Every structure is written in C-alpha cells, then in structure tokens.
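So you can see what is in the structure, the chains are spelled out below.
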Amino acid sequence: MTSAKPSVLFVCVHNAGRSQMAQGLLTHLAGESIEVRSAGTAPADTINPVAVQAMAELGIDITDHTPRVLTPDTVETSTIVITMGCGDTCPYFPGVSYRDWKLDDPAGQGIEQVRAIRDQIDTHIRALLTELGLRISPDDFRAGLSEPHRP
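Remember, predicted model here, so these are calculated numbers, not experimental data.

*Asks:* Lay out the sheet that holds strand E3 (residues 80–83) with the relevant residues and their values.
*Replies:* With parallel pairing, the four strands of this open sheet are ordered in space as E2-E1-E3-E4. Edge strands, defined here as strands with exactly one partner in the open sheet, are strand E2 (35–40) and strand E4 (97–100). Averaged over all neighbouring strand pairs, the angle between strand axes comes to 20°, with direction disregarded. For strand E1 (residues 7–12) and E2, the ladder comprises six bridges, and the chain directions are parallel. Looking at the pairing, Val 11 lines up with Ala 39 of E2.

The following block contains the structure:
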C-alpha cells in the first residue's frame, strides 16, 4: 500500500444497496481519514432507490454512486475487505484483512426494512471506526441510530 491511511472495501453482490449504504456512512463519519470504496460481484445497473431514500433521511447523499464490478486489484489494494453476502465469489489475498457482515439484502424491501439494515450497518461502521482508533464526534450522532462508540 502506498497510502498511510487505511483503505476499506465493501463488497456485496449487486453493489446497489448494502455496500453503497456502508460506503456512504463510513465516508460521512470518517471523512478523509479512510479511503472508502465499494464493489459488487455482479453489479446492478443502478443503486436501489429505497437505499438512497434511507440514506437521504440521514442527510447522506449516495445518488451519485455507481455500482462497480469487483476486481482482484481492488481487493489486493485494500487494507480491510468487508463482505456482505457475496460468499465465495470474493477473491482472497494474503495480507488483506477480511470481515463478513451478515446483513439482509435490501433489494425488493420496503423503507422500514431498509432502515433496519442501514441501522445495522451503522452499528458495524461505528465498531470498525473504534477498532481503527478513530473517534466519532457527538455531532455525528443521528436520531434513530445507535449511540456512537468511543474508545
């Protein structure tokens, strides 16, 4: 890795819901301190509009995100790869730290279910930030989401 800051890659099948929400949340909370990317093993054409709506409720705009195909280079150049339902289709590289977050797929779900998935992702993101030693400002607390973790 050429960068001193960590690089986190979120991977799901379509890169249209879970991974896009995770990318938006981590980017919002971590700012420039982490390089954040997402990709899918079989990317959709567009982002799930209900995921966009759920994130907009928090003031996070992911409308300009585009589903991207997962490449071995994207995985290999990541510090941490977080999979969300892509199973064995995610390439493995020694030296890359992997995590698997068990989350429902928001595809075809209503706003209530997608909010619940978003909130689960938020909990995971905050734990990841704590693990990486990054603090979250109390100003980054959003109504309806878990309290921020603090080291």
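*Asks:* I'd love a proper account of the pairing of E1, names of residues and values included.
*Replies:* With six of six residues buried, E1 is to be regarded as a mostly interior element. Neither face of E1 is left uncovered, since the one carrying Ser 7, Leu 9 and Val 11 and the one carrying Val 8, Phe 10 and Cys 12 both have all their residues buried. Of the crossover connections in this fold, the one passing from E1 over helix H1 (residues 18–30) to the parallel E2 is right-handed. With four bridges joining them, E1 and E3 adopt parallel strand pairing. Opposite Val 11, over in E3, you have Thr 83 as the bridge partner.

*Asks:* So what's going on with the packing of aromatic side chains? Residues and values would help.
*Replies:* In the structure shown here, the tally under the stated rule is one aromatic pair. Considering the side-chain rings of Phe 10 and Trp 101, the 5.8 Å spacing of their centres and the 50° angle between planes classify their relative orientation as tilted. You can see Phe 10 sitting in strand E1 and its partner Trp 101 sitting in the loop between E4 and helix H4 (111–131), a full 91 residues away along the chain. The class for Phe 10 is buried, based on a relative accessible area of 0%.

What counts and how
- Residues numbered from 1 in each chain as written.
- Predicted model: local features only at pLDDT ≥ 70, side-chain atom pairs only at ≥ 80, totals over all residues.
- Heavy atoms only, no water.
- Pairing = 2+ DSSP bridges.
- Helix = DSSP H or I, 4+ residues; strand = E, 2+ residues; numbered from the N terminus.
- Axes fitted to C-alpha atoms, helices over the stretch in contact; angles between N-to-C directions.
- Buried < 20%, exposed > 50% of the residue type's maximum accessible area, 1.4 Å probe, protein only.
- Right-handed = clockwise from strand over helix to strand, strands pointing away.
- Phe/Tyr/Trp six-rings, centres within 6.5 Å; stacked < 30°, edge-to-face > 60°.

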